[in-house]
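# Architecture at a glance
Chain residues, written in single-letter form:
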Amino acid sequence: MKMKFVTFRGGIHPPEAKEATEHLKTEKAVEPTIVVIPMQQHIGAPCEPIVQAGEIVKVGQKIGEAQGFVSAPVHSSVSGIVKAVTDVPVATGNEALAVIIESDGKNEIDPSIKPKGDIEKLQPKEIVDAIKEAGIVGMGGATFPTHVKLSPPPEKNIDTIILNGAECEPYLTTDHRLMLEKPEEIVYGLKAMMKAVGVKKAYIGIENNKPDAIEVMLKAIEKEDEIKVVALQTKYPQGGEKQLIYAVTNKEVPSGGLPMEVGVIVSNVATAAQIALTIKTGMPLIERVATVTGKAIKNPKNILFKIGTPVNKLIEECGGYATTPGKLILGGPMMGNAQHTDEIPAVKGTSGILVFDQEQAKQPNPRNCIRCARCVEICPANLQPLYISENSLANRMEQAENYRALDCIECGSCSYVCPARRPLLPSIRVAKNQIIAKKREQKNNK
Amino acid sequence: MDDKLIVSSSPHILDDDTTQRIMLDVAIALLPATIAAIFYFKGSAATLILLAVLTAVATEALVQKIMGRPVTINDFSAVVTGLLLGLNIPGSAAWWMPVVGSFVAIAIVKQIFGGVGHNFMNPALAGRIFLTLSWTDRMTAWITPGVDAVSTATPLAALKEAGASVPANVPSLMDTIIGNTGGSLGETSAILLILGGIYLVWRGVISAKVPGIYIGTVAVLTLLYSGFDIQYMLYHVFSGGLMIGAIYMATDYASSPVTPKGRMYFAFGCGLLTTLIRLFGAYPEGVAFSILLMNVASPLIDRYTSPRVFGEVK
Ligand code: SF4
Ligand code: SF4
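The structure displayed is predicted, hence computed values, not measured ones. (Residues numbered from 1 in each chain as written. Chains lettered and ligands numbered in written order. Predicted model: local features only at pLDDT ≥ 70, side-chain atom pairs only at ≥ 80, totals over all residues. Heavy atoms only, no water.)

## Considering the sheet that holds strand S13 (residues 287-293) of chain A
Residue and element names in this part refer to chain A. The cut-off we apply is this: DSSP-based pairing: two strands are paired if at least 2 bridges between them are found. Every helix listed is a DSSP run of H or I at least four residues long, and every strand listed is a run of E at least two residues long, numbered separately from the N terminus.
One open sheet accounts for six strands, arranged S1-S14-S13-S17-S15-S16; its pairing is mixed. Of all strands in the sheet, those with a lone pairing partner are strand S1 (27-28) and strand S16 (337-339), marking the two edges. Where S13 and strand S14 (residues 301-306) come together, six bridges link them in antiparallel fashion. Pairing of Val-289 across the sheet is with Leu-304, part of S14.

Shown next as structure tokens:
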């Protein structure tokens, strides 16, 4: 197979650390006895619960109603009885409203769950509505409601959809496995998206460290003239939206703009597979796959779990902790979030549960910046992280803005390479938040 | 277990390279040239280099203690400065010269400005220039390598006197390349300095572009000046402080630009100035002054070479 490997400027090569799970078939998790389903598992307004304690619910039954357009409903992942609707600790480190359901183990399916019909016959609007009702969000971890992405303003001329199968985060292997195990579903979901927005051109981008996935996907699109598989160089953050678009189409999303400004919509392979499932069976997003891995996990796995399953239950299923855990991360090691506790539910955006041992969790000692310029060399946004960070730490937010802090995509590559262990990204984040807050204030005062 | 989980913001993994590792790499890269210096200039070289390194480290610790800063001598940056300074003085230097030089480099150039990374000039170079300006005779009293060292002119001084051609009284080109000539302790053995440079490029500590452009500029300009006399060009390239300067000093992080483009302009500027000083200036050698001048220009170069931000429409 001869292919050109495309990519973007900058980027890093962290150890991939995927060996533990990349060859393991996705396993179904044991039925949870209790699920804790938060009302906000997406970017946008939290849902309003529409069930009460004591109510009987079925699999796929809607239990939280979306509020507004940028929101996504949530559904029960089990059949059983609602124990409580209450605040619980969630992945953000805060408490948030959730519906707690005790499973009856029967998995009775809600009568509303019916196949949506063939995509050939469905109208674009029907497809978008089905996606919206199914509570589908970006499953790569961004959790932006998919129906919003698929409803661009009419003046934007969208001509391309790119499916992200790069999986550039170290450790994570769910997309890899999905491409190997369910390639037809991914293609089917992609075709549904293409129909929904009326585009005739689509790409599936896959990093070349997954040659088997590239091969399988090439096979799956053999008969599809409008879909191409693109082999990407293995480099972080290859799956970053703007980096992926650049690698595939050679177009730069304008600074501060959205992909649709260059006529592109980016989605994730897992999202596409979920769309296929929803159209074929009517089942909303109630399950997903996460890679449970890391030095402190006894038997790392790719595990298909019901939304709301407690993280500690999933860890138990992977043999529990191999050693005293030092850090628990939801998502990948580059962009994931460290958690205080494992007593939180795994949700729609949980692509990985990564547990470090105590040695790996040690915090480094930041030293003086030695101006080695590594951060400048690798920043995929072409920024000069050392100066943004320096200004941010000195509380010179205007200077930080001049160094274009707002263009930072928060990939963390700069912090990763810094030999002086400077807290680059954290300080850049502070600058971004302050600059945005100030902009908002100015707007409100006008 | 819960309270033991560490919560910090992403990213959660870091590259293996640390400041310490980088500085250690530079020291390792300088090792062959150091050994050669001791081989050529014998015991005096060993004493001088050792004194330079020890003074640098002791000064760093002392100043940091006095200023109430954390003592960071374990990052090896003082070792590198001391080593570079030691290699930058002639074999005939008195024992107190490396001591004074290292002290000035660390206490004044490096620590007063806030420590590693904040010095706008290369400390070792500044130390060398300080010594040259204060004790010009002693700093330019070049001797021939070997036990019975006699005073000698460096190849560059001979070249300078002769104008745009290679005079008869210079050491052979081969001796110049392997370092068997007069000069500062470490600047003479071009081949070993290049060896260390290759190691640094391989380790990712420096980019080959900076020394490449620097040396390339000198090569092209001297070639033009001499009317395409290749031998003349080779003498310029392989003698004097060009190798140690281009590979180890112009690549100094703190005192050079951080933008990729800026580093190239910087290297070109160093090459241009070095050639101009060597050919038309009052001194036979211009590497140290050129790099220092470009150090001063670095912030300006950085300002005008900011990379175009991804997606930015200019
Ligand atoms: S990578 Fe770290 S040490 Fe190097 S220039 Fe950037 S902030 Fe400074
Ligand atoms: S500055 Fe932002 S975009 Fe650039 S490397 Fe750092 S985190 Fe990534």
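## Considerations on the side chain of Glu-207 of chain A
Residue and element names in this part refer to chain A. We count it as follows: With a 1.4 Å probe rolled over the protein chains alone, any residue whose accessible area is under 20% of its type maximum counts as buried; one over 50% counts as exposed, and the rest are partly exposed. Positive charges come from Lys and Arg, negative ones from Asp and Glu, while His and the chain ends are left out of the count. Take a side-chain nitrogen of Lys or Arg and a carboxyl oxygen of Asp or Glu: if they are within 4 Å of each other, that pair is a salt bridge. Any two residues having at least one pair of non-hydrogen atoms within 4.5 Å are treated as being in contact.
The topology assignment puts Glu-207 in strand S10 (residues 202-207). An unpaired buried charge is present at Glu-207: no salt bridge exists, and Lys-210, the closest side chain of opposite charge, is 4.0 Å distant. The residues touching Glu-207, leaving out its near neighbours within four places in the chain, are Gly-165, Ala-166, Glu-167, Cys-168, Ile-214, Leu-232, Gln-233, Thr-234, Lys-235 and Gln-238.

## Quick look at the side chain of Ser-103 of chain A
Residue and element names in this part refer to chain A. What counts here: In protein, a polar contact requires one atom able to donate a hydrogen and another able to accept it; more generally it is a pair of N or O atoms within 3.5 Å, and residues adjacent in sequence count only if both atoms are side-chain atoms.
Of note, Ser-103 is situated in strand S8 (residues 95-103). By relative accessible area, Ser-103 is classed as buried at 16%. Reaching out from Ser-103, the side chain makes a polar contact with the backbone nitrogen of Gly-105 at a distance of 2.9 Å. Apart from the residues within four sequence positions on either side, Ser-103 is in contact with Glu-31, Pro-32, Thr-33, Val-78, Ser-79 and Gly-80.

## Points about the pairing of strand S17 (residues 352-357) of chain A
All names here are of chain A. Of all the six residues making up S17, six are buried; the element is thus mostly covered by neighbouring parts of the structure. Going residue by residue along S17, you find Gly-352, Leu-354 and Phe-356 tucked away on one face and Ile-353, Val-355 and Asp-357 tucked away on the opposite face as well. Where S13 lies against S17, three bridges are found, and the strand directions are parallel. What sits directly across from Thr-291, in S17, is Gly-352. Note that strand S15 (residues 325-330) and S17 share five bridges and pair antiparallel. In the sheet register, Pro-325 faces S17, and the bridge partner there is Asp-357.

## Focus on the interface of chain B and chain A
To be explicit about the condition: Accessible area that two parts lose when put together, evaluated with a 1.4 Å probe and summed over both, is termed the buried area. Residue classes follow a fixed rule: Ala, Val, Leu, Ile, Met, Phe, Trp, Tyr, Cys and Pro count as nonpolar, while Asp, Glu, Lys and Arg count as charged, and any other residue, Gly among them, counts as polar.
Facing the 45 residues of chain B at the interface are 61 residues of chain A. Buried area between chain B and chain A, summed over both chains or domains, comes out near 4,400 Å², and the portion from carbon and sulfur atoms is 55%. Counting the surface chain B buries against chain A, the share from its top three residues, His-12, Ile-13 and Phe-310 of chain B, is 18%. Along the contact surface separating chain B from chain A lie four salt bridges. A salt bridge links Arg-308 of chain B to Glu-252 of chain A, with the nearest nitrogen and oxygen atoms 2.5 Å apart. The interface formed by chain B and chain A includes 26 residue pairs in polar contact (both at pLDDT 80 or more). Mapped by element, the contributors of at least two residues to the side of chain B that touches chain A are helix H1 (19-66) and helix H12 (260-280) of chain B. Grouping the amino acids of the side of chain B that touches chain A by side-chain chemistry returns 18 nonpolar, 17 polar and 10 charged.

## Regarding the domain arrangement of chain B
All names here are of chain B. Heads up, the condition is: Segmentation of the chain into domains, including their bounds, is taken from an automatic or database domain assignment.
Structurally, chain B comprises domain 1 (19-136) and domain 2 (154-301). Here the C-alpha centre of domain 2 lies 21 Å away from the C-alpha centre of domain 1. In this complex, domain 1 contributes 33 residues to the contact, which on the side of domain 2 involves 32 residues. Carbon and sulfur atoms supply 72% of the area that domain 1 and domain 2 bury against each other, a total of about 2,800 Å² over both sides. Area buried by domain 1 at its contact with domain 2 is led by Tyr-40, Leu-125 and Ile-129, which between them contribute 19% of it. Across the contact surface, domain 1 and domain 2 share one salt bridge.

## Describing unusual backbone geometry
Cis geometry is adopted by the peptide bond preceding Pro-237 of chain A, which originates at Tyr-236 of chain A and carries an omega value of -5°. Within the secondary structure, Pro-237 of chain A is located in the loop between strand S11 (227-232) and helix H7 (241-249). A cis amide bond links Ser-10 of chain B with the next residue in sequence, Pro-11 of chain B, at an omega value of 0°. Tracing the backbone through its elements, the reader meets Pro-11 of chain B in the segment before H1. Positioned with a positive phi, Tyr-171 of chain A is a non-glycine residue whose angle comes to about 75°. For Tyr-171 of chain A, the position within the fold is in the loop between strand S9 (160-165) and helix H4 (174-181). Phi is positive for Ala-373 of chain A, which is not a glycine, with a value near 70°. Take Ala-373 of chain A: it is sitting in the loop between helix H10 (358-361) and helix H11 (374-378). Its relative accessible area of 2% is what places Ala-373 of chain A among the buried residues.

## Digging into the site of ligand 2
All names here are of chain A. We count it as follows: We call a residue near a given molecule or strand whenever any one of its heavy atoms falls within 4 Å of it. Method remark: on a 1 Å grid restricted to protein atoms, a set of points is classed as a cavity if a 1.4 Å probe fits but cannot get out and as a pocket if it is open with protein on both sides within 12 Å along at least five of seven lines; lining residues have an atom within 4 Å of a point. To be counted as sitting in a cavity or pocket, a molecule needs more than half of its atoms within 2 Å of that site's grid points.
If you check the shell around ligand 2, you find Cys-379, Pro-380, Pro-385, Cys-408, Ile-409, Glu-410, Cys-411, Gly-412, Ser-413, Cys-414, Leu-425 and Ile-428 and nothing else. Given that more than half its atoms are within 2 Å of the pocket grid, ligand 2 belongs to the second largest cavity. Broken down by secondary-structure element, the contributors of at least two residues to the shell around ligand 2 are helix H14 (413-417) and helix H15 (424-445). Residues that form the shell around ligand 2 fall into these classes: nine nonpolar, two polar and one charged.

## Let's talk about the environment of Leu-354 of chain A
All names here are of chain A. Within the secondary structure layout, Leu-354 lies in strand S17. Taking the C-alpha atoms as reference points, Leu-354 and Leu-424, 70 residues apart in sequence, are found 23 Å from one another. Residues contacting Leu-354, with those up to four places away along its chain left out, are Tyr-171, Thr-293, Gly-294, Lys-327, Leu-328, Ile-329, Gly-331, Gly-332 and Pro-333.

## Quick look at the nonpolar core
The condition is simple: The term nonpolar core refers to a set of buried residues drawn from Ala, Val, Leu, Ile, Met, Phe, Trp, Tyr and Cys, joined through side-chain atoms within 4.5 Å.
If you look at the biggest cluster of nonpolar residues, it comprises 83 residues, and the most contacted ones within it are Tyr-214 and Tyr-248 of chain B. In terms of domain composition, this core takes at least three residues from each of domain 1 (19-136) and domain 2 (154-301) of chain B.

## Some points on the sheet that holds S10 of chain A
Residue and element names in this part refer to chain A. Quick note on the threshold: To obtain each axis, a line is fitted to C-alpha atoms, and for helices this fit is confined to the stretch in contact; angles are then taken between N-to-C directions over 0 to 180 degrees.
Spatial ordering of the open sheet is given by S11-S10-S9-S12, a layout of four strands whose pairing is parallel. Lying at the two open borders of the sheet, with one neighbouring strand each, are S11 and strand S12 (264-268). Strand-to-strand twist of the sheet, defined as the mean angle between neighbouring strand axes without regard to direction, takes the value 25°. Sheet topology note: the S9/S12 ladder contains five bridges and is parallel. Note that in S12 the partner of Ile-161 across the bridge is Ile-265.

## Details of the packing of aromatic side chains
We count it as follows: Pairing of aromatic rings covers Phe, Tyr and the six-membered ring of Trp, with a centre-to-centre limit of 6.5 Å; geometry is then stacked below 30 degrees between planes, edge-to-face above 60, and tilted otherwise. Here, a charge over a ring is recorded when the distance from Lys NZ or Arg CZ to the ring centre is within 6 Å and its angle to the ring normal is within 35 degrees.
This model, assessed by the stated rule, comprises nine aromatic pairs over all chains. On the basis of an interplanar angle of 80° and a centroid distance of 6.3 Å, the ring pair of Phe-130 of chain B and Trp-135 of chain B is categorised as edge-to-face. We classify Phe-130 of chain B as partly exposed; its relative accessible area is 34%. For the ring pair Tyr-225 of chain B and Tyr-232 of chain B, a centre distance of 6.4 Å and an interplane angle of 35° mean the geometry is tilted. Taken together, the ring pairs in this structure connect Trp-96, Phe-130 and Trp-135 of chain B into an aromatic cluster. The aromatic ring of Phe-8 of chain A is capped on one face by Lys-235 of chain A, whose charged end is 4.6 Å from the ring centroid. Just above the ring of Tyr-188 of chain A sits the side chain of Lys-280 of chain A; from NZ or CZ to the centre is 4.5 Å.

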